[in-house]
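Observations on the model geometry
Now for the letters of each chain:
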Amino acid sequence: VQLQASGGGLVEARGSLRLSCAASGTNFRINVMGWYRQAPGKQRERVAAVTRDGITNYSDSVKGRFTISRENAKNTVYLQMNSLKPEDTAVYYCKATVSELGRNYWGQGTQVTVSS
């Protein structure tokens, strides 16, 4: 499974960005898709995840500001990020879980920089 993330960039505080991540190279069902981020000097943390049935969960730090969604037919997950803060600055990674294979797959990461 290959994951291709896009949509990162530089934005001012209180601005918005939309990340996309498309999975390819598999005929297996992708059960959970999610977004993680890693800021310099910090551990990677989960931002949001969505199941194939559309059940979502968010970290407390982004709840109410970020929205995760997916298109199963396209094996694509999105992250709409609003009201961005400088502390949201990080490399954002998408992740796909194929339960049938018991494996997780990671995208290459996309940089999000929020200026104050």
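Below you will find a few notes about this structure. Since the structure is predicted, the reported quantities are computational estimates derived from the model, not experimental observations.

1. With respect to the pairing of strand β7 (residues 66–71)
The alternating pattern of β7 places Phe 66, Ile 68 and Arg 70 on a buried face, while none of Thr 67, Ser 69 and Glu 71, on the opposite face, is buried. Sheet analysis places β7 next to strand β8 (residues 76–81), joined by six bridges and oriented antiparallel. Bridge assignment links Thr 67 to a residue of β8, and that residue is Gln 80. Joining the antiparallel neighbours β7 and β8 is a turn of four residues, in which Asn 75 adopts a positive phi near 50°.

2. Looking at the sheet that holds β8
Judged by pairing direction, the sheet is antiparallel, and its four strands sit side by side in the order β1-β3-β8-β7 without closing on themselves. Each edge of the sheet is formed by a strand with only one pairing partner; in this case those strands are β1 (2–6) and β7. Averaged over all adjacent pairs, the angle separating strand axes in this sheet is 15°, with direction ignored.

3. Observations concerning the environment of Gly 25
Among the structural elements, Gly 25 can be located in the loop between β3 (17–24) and β4 (32–38). Overall, Gly 25 belongs to the exposed group, its relative accessible area being 61%. Put simply, Gly 25 and Leu 3 are 22 residues apart on the chain and 9.0 Å apart in space, counted from C-alpha to C-alpha. Contact partners of Gly 25, with chain neighbours within four places excluded, come to Val 1 and Gln 2.

About the criteria used
- Residues numbered from 1 in each chain as written.
- Predicted model: local features only at pLDDT ≥ 70, side-chain atom pairs only at ≥ 80, totals over all residues.
- Heavy atoms only, no water.
- Buried < 20%, exposed > 50% of the residue type's maximum accessible area, 1.4 Å probe, protein only.
- Helix = DSSP H or I, 4+ residues; strand = E, 2+ residues; numbered from the N terminus.
- Pairing = 2+ DSSP bridges.
- Axes fitted to C-alpha atoms, helices over the stretch in contact; angles between N-to-C directions.
- Contact = heavy atoms within 4.5 Å.

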